[in-house]
Structures are given as structure tokens and as C-alpha cells.
Amino acid sequence: MAPPPHPARRLAGVASSPVREILALTQRPGVVSFAGGLPAPELFDAAGLRDAFADALADRAAGRSLQYSTTEGDPALRAAVAERLSRRGLPTEPGELLITSGSQQALTLVAAVLLEPGDAVLVEEPSYLAALQCFQLAGARLISIPCDDDGLIPDAVRDLVRAERPKLLYTVPTFHNPTGRTLPEARRRALAEVAAREGLWLVEDDPYGELRYRGAPEPAVAALPGAEDRTIALSTLSKVLAPGLRIGWLRAPATLRRALAVAKQAADLHSSTVDQAAAARWLASNDLDLHVARLRAAYGARRDALVDGLPDALPEGSSWTRPDGGMFVWVRLPGGWDADALLQDALTRDVAFVPGWPFFAGEPDRATLRLSFTAHPPAEILEGLERLRATVRARDPASTVR
Ligand SMILES: Cc1ncc(COP(=O)(O)O)c(C=O)c1O
């Protein structure tokens, strides 16, 4: 008997996401989890979606909703998304959009279309873990961009582009995952200029931009001079409606659209027809602005509960971000603390978070961790913080604040 051949070598360097493994541990009842970037399930519009699916499956529509469909996506859904993007400052025609199975698939398609094995890709430090996996799977060489509290540093991008000649730069400029930080307008403009001058594709991933709790919106990078013809903008219904729908999209320049559609055909022919039909119906008969306003009110209070409670829960000398929106706070523990070790203790006290190291393409900072504040109401967040405080105290009584 001969064994079957080995799996592809490109898989060897791609680790399974520890986030998914931690999520499995936090399914137990009673755990306060700051781990996953999960929307609050009690805020899903289940009734509205039930109606939308019923309508999509009504006798007059079912033949179409249950049939194969076009790769680019449901025309009504593309029109609704284009209208929304345009209203939010990114003028978009439906024909510029490709509906994807979550924005995660958009990342896969971008990698398939743009990357050869060995190509350099610039990523923020730290960066969204599943994007790192996706680019690694395509055989890319990941290079971290130096970042500060405002996000990536455009001069550092310019120097890296000149030194490494990357194909693309991946950024989450608004309410970044995992740090929660937002790239200011001046840096967005500078980034667009670098991309135009040096020749670079930009991938602007924006799943969180609508979840703003304070301050005024920044312009989309894709809308800025220099970036218009070289930015692939991604977003999703996952954070504003429901991630289980698996509906995202990419907005691509004309030169890439055909290739992206071919890559999508090869991946899955098209995203689920019935899910797209239901999403389009939900958007037609509900007010997404109103729904998002509810989410913002609820999540804003959760963000405040977490940020206000952190001084009492973390070891003295810790620092953390204070995001204006999104789902995440990024913490750096003081010297000597290891977030992985802290997590093991925290799990025994039924509180969870994600250690920061998997989000680094380069040398990880093991004192970092990510806290998500959206999945629990404020009272449970306070309980989680109390458990975190007890965990920290038990580990090192001397360094606890109070
Ligand atoms: C930055 C970022 N991009 C993309 C995704 C993928 O989202 P989805 O595939 O559900 O649209 C996520 C999910 O957490 C994310 O944080």
C-alpha cells in the first residue's frame, strides 16, 4: 500500500487560528468572553430576516432565489450596497461591485488575482489574523509596517515600498482589528500619494466603519486622489446585520474586475442566491441606518464600560487603546507579563480574551492582548473585568492597581 501524496507545501507555514480555538473554549455557559469579534446576538433582527427569507422563498420568487445565479451577485443587492457606499462618501456604481461570501472571501480572491508565491505584501503591525493567513496561503512574504497610536506611518510605507517592491498593502484604516485605532485623514492622503507615486495596490478592508461611537467619519482611502484606480475596497454585512449571512463585497477598479470574477467562479460560482435575495429584501424593507444607530448606542455603552473599567482590572503600567468605534481594545501589559500565561489563568476564572501574538506577521509582542466589547452588556462586562482583576491579582499581587 502506498500512502497518498502530501498536502501542498504552502500550507506548512500557515498556523490554525488560535482565536478559533479560544472561541471553542469560551462556548461554556457563564464565561464572559472578550475573545471573539462577535456581534451581540440579541441585537440581530431575527424577525426582520425571517420575513426577508420568507419573501425570498415565496412562490413568486422561489424559482429565482433557489436557482444558480450570476457570479457578480444579486442586482438588487449590488444596487443597495452601491447606493450606501455612495452616500457614505465613496461614489460607487453597482457594476463596480462583486458580492462575496463574507469579506473574507474577497481577501482570498484578491490574493488569487494579485499574488505570485514570494511576492511581498505590506501589513500593519499587528494585523487582522485571517488576512495574514490568506496572504500566507498564497505564498506571500509578509512585511510589517511600523505603526504608532494613529496606525501606519506613511513615510515608513514609502521606504518599505522602495526597499521591498511589494505588490499590495493591506490596511484596516477604521477601527482596526485588532487595535481599534483609526488612521487620520492626513495619513490616508499620504498613503494614497505613496501608492500613486510608487506603484502599489491598496486593499482597504472596512468591516467596522459604520460602528462609530464618537467623532466624525474619515474619508475612505479608496476615494482619495491617487488611490482611486488602485484600491480594492472591501466591506460586509457581518458587523451591521449578521455574520451568518456570509455576505460581503469588494469594490474593484475596472482593470481587476474580470480577473476577480474569474477567481470567484473558480472558488464557488457565486455566493448563495437565497441569502443574497433575503439580504436585498431586508435592505429594501428596513432602515439600515436605524438598525446601525441601535447597534451604535448599545456598543458605545459597552465600549465605555470596558474602557472605564480597565484601570482597575489590569496590572499597573498597562496601556490600552481607546477606540472611537468598532469592537476592539488593544492592551499592552507591562514588562514581564505574558498574555498567553494570563489567559490560561483567566480561563479557569471564566473570563477570556485573545493574546496578541497571532496578529503579528513579524516578531510578536507577547505582552499584548485583544479585548472585544460587543458580545456582552455592560453589567456582564463589569463582571468579566472583576474576574480579570482577580486573575491579575492572583498572578502578581504586587503589581495590581488596587
Ligand atoms: C478586518 C476584518 N476583515 C474581514 C473580516 C471578515 O468578515 P466577514 O467575512 O464576516 O465579512 C473580519 C472579521 O472579523 C475582520 O475583522
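Residues numbered from 1 in each chain as written. Predicted model: local features only at pLDDT ≥ 70, side-chain atom pairs only at ≥ 80, totals over all residues. Heavy atoms only, no water.

**Side note on the overall build of the protein**
Here is step 1: A tally of regular secondary structure across the protein gives 13 helices and 15 strands.
Here is step 2: For a compact globule of 402 residues, the expected C-alpha radius of gyration is about 21 Å, and the protein comes in at 21 Å, within 12% of that figure.
Here is step 3: Principal-axis analysis of the C-alpha atoms gives the protein an extent of 65 × 65 × 55 Å.
Here is step 4: Counting every position in the protein, which comprises 402 residues, the buried fraction comes to 55%.
Here is step 5: In the protein, of all internal contacts separated by at least 6 residues, the share reaching a separation of at least 24 is 74%.
Here is step 6: Carbon and sulfur atoms make up 54% of the accessible area of the protein, which amounts to about 17300 Å² in all. (Helix = DSSP H or I, 4+ residues; strand = E, 2+ residues; numbered from the N terminus. Rg over C-alpha atoms; globule rule 2.2 N^0.38 Å. Buried < 20%, exposed > 50% of the residue type's maximum accessible area, 1.4 Å probe, protein only. Contact = heavy atoms within 4.5 Å. Areas by Shrake-Rupley, 256 points an atom, 1.4 Å probe, with all protein chains shown as cover.)

**Quick look at the nonpolar core**
Nonpolar side chains tend to gather and get buried jointly when the protein is soluble and globular.
Here is step 1: Membership of the largest hydrophobic core comes to 70 residues, with the highest contact counts inside it found for L306, V329, L333, F353 and L371.
Here is step 2: The greatest single-element share of this core, amounting to 9 residues, is contributed by helix α11 (residues 288-313).
Here is step 3: The residue makeup of this core includes at least three contributed by each of domain 1 (9-45 + 290-399) and domain 2 (49-285).
Here is step 4: Filtering out sequence-adjacent residues up to four positions away, V329 remains in contact with P178, L306, V307, L310, W320, T321, P323, L369, R370, L371 and F373.
Here is step 5: In this structure, L107, A111, L168 and W201 belong to the second largest nonpolar core, which totals 28 residues. (Core = buried A, V, L, I, M, F, W, Y, C linked by side-chain atoms within 4.5 Å. Domains from an automatic or database assignment.)

**Quick notes on the side chain of S33**
Here is step 1: For S33, the location among the structural elements is in strand β1 (residues 32-33).
Here is step 2: At 3.1 Å, the side chain of S33 and the backbone nitrogen of A35 are in polar contact. (Polar contact = N/O pair within 3.5 Å; in protein donor to acceptor, adjacent residues only side chain to side chain.)

**A look at the sheet that holds strand β12 (residues 328-332)**
Here is step 1: Taken in spatial order, the 4 strands line up as β11-β12-β15-β14 in an open sheet, and their pairing is antiparallel. Strands with a single pairing partner mark the edges of an open sheet, and in this sheet they are β11 (319-320) and β14 (354-355).
Here is step 2: Here 2 bridges tie β14 to strand β15 (residues 368-372), and the two strands are oriented antiparallel to one another. Paired with V354 across the bridge in β15 is R370. (Pairing = 2+ DSSP bridges.)

**What about the site of the ligand?**
Here is step 1: Around the ligand sit 14 residues in total, of which S103, D205, Y208, T236 and S238 are the nearest.
Here is step 2: The separation between an oxygen atom of the ligand and a polar side-chain atom of N177 is 2.9 Å.
Here is step 3: At a separation of 2.8 Å, an oxygen atom of the ligand approaches a polar side-chain atom of R246.
Here is step 4: Surface burial for the ligand is 92%, taken as the share of its 390 Å² of free accessible area covered by protein chains.
Here is step 5: By residue number, the principal contributor to the shell around the ligand is helix α5 (residues 102-114), which donates 3 residues.
Here is step 6: Taken together, the residues of the shell around the ligand break down into 5 nonpolar, 6 polar and 3 charged. (Near = heavy atom within 4 Å. Nonpolar A, V, L, I, M, F, W, Y, C, P; charged D, E, K, R; others polar.)

**Some thoughts on the domain arrangement of the protein**
Here is step 1: For the protein, the assigned domains read domain 1 (9-45 + 290-399) and domain 2 (49-285).
Here is step 2: Buried surface at the junction of domain 1 and domain 2, both sides included, amounts to about 3000 Å², of which 62% is carbon and sulfur.
Here is step 3: Three residues stand out in domain 1 for area buried against domain 2, namely D45, D324 and F359, and they jointly supply 20% of the buried area on that side.
Here is step 4: If you look at where domain 1 meets domain 2, you find 1 salt bridge.
Here is step 5: Joining domain 1 to domain 2, the criterion identifies 13 residue pairs in polar contact (both at pLDDT 80 or more).
Here is step 6: Within the residue set of the side of domain 1 that touches domain 2, elements represented by two or more residues are α1 (18-25), α11 and β12.
Here is step 7: No other element matches the 8 residues that α11 contributes to the side of domain 1 that touches domain 2.
Here is step 8: Partitioning the side of domain 1 that touches domain 2 into residue classes produces 20 nonpolar, 10 polar and 7 charged. (Buried area = accessible area lost by both parts, 1.4 Å probe. Salt bridge = Lys/Arg side-chain N within 4 Å of Asp/Glu carboxyl O.)

**A closer look at the sheet that holds strand β4 (residues 141-145)**
Here is step 1: In spatial order, the strands read β2-β10-β9-β8-β7-β3-β4; together these 7 strands make up an open sheet with mixed pairing. At either margin of the open sheet sits one strand with a lone partner, and together these are β2 (97-101) and β4. Between one strand and the next, the sheet's axes are offset by a mean angle of 25°, whatever the strand orientation.
Here is step 2: The sheet contact formed by strand β9 (residues 231-236) and strand β10 (residues 247-251) spans 4 bridges and is antiparallel. Within β10, the residue paired with L234 across the bridge is L250. (Axes fitted to C-alpha atoms, helices over the stretch in contact; angles between N-to-C directions.)

**Regarding the side chain of E210**
Here is step 1: Note on placement: E210 falls in the loop between β8 (201-205) and β9.
Here is step 2: Given a relative accessible area of 16%, E210 falls into the buried group.
Here is step 3: Once residues within four sequence positions are removed from consideration, E210 is found in contact with R84, R88, V240, V292 and R296.

**Some thoughts on the pairing of strand β3 (residues 120-124)**
Here is step 1: β3 sits mainly inside the fold: 5 of its 5 residues count as buried.
Here is step 2: With helix α6 (residues 129-137) bridging β3 and the parallel β4, this β-α-β connection has right-handed handedness.
Here is step 3: Of the strand pairs in this sheet, β3 and strand β7 (residues 168-171) are connected by 3 bridges, and their pairing is parallel. Pairing of V123 across the sheet is with Y170, part of β7. (Right-handed = clockwise from strand over helix to strand, strands pointing away.)

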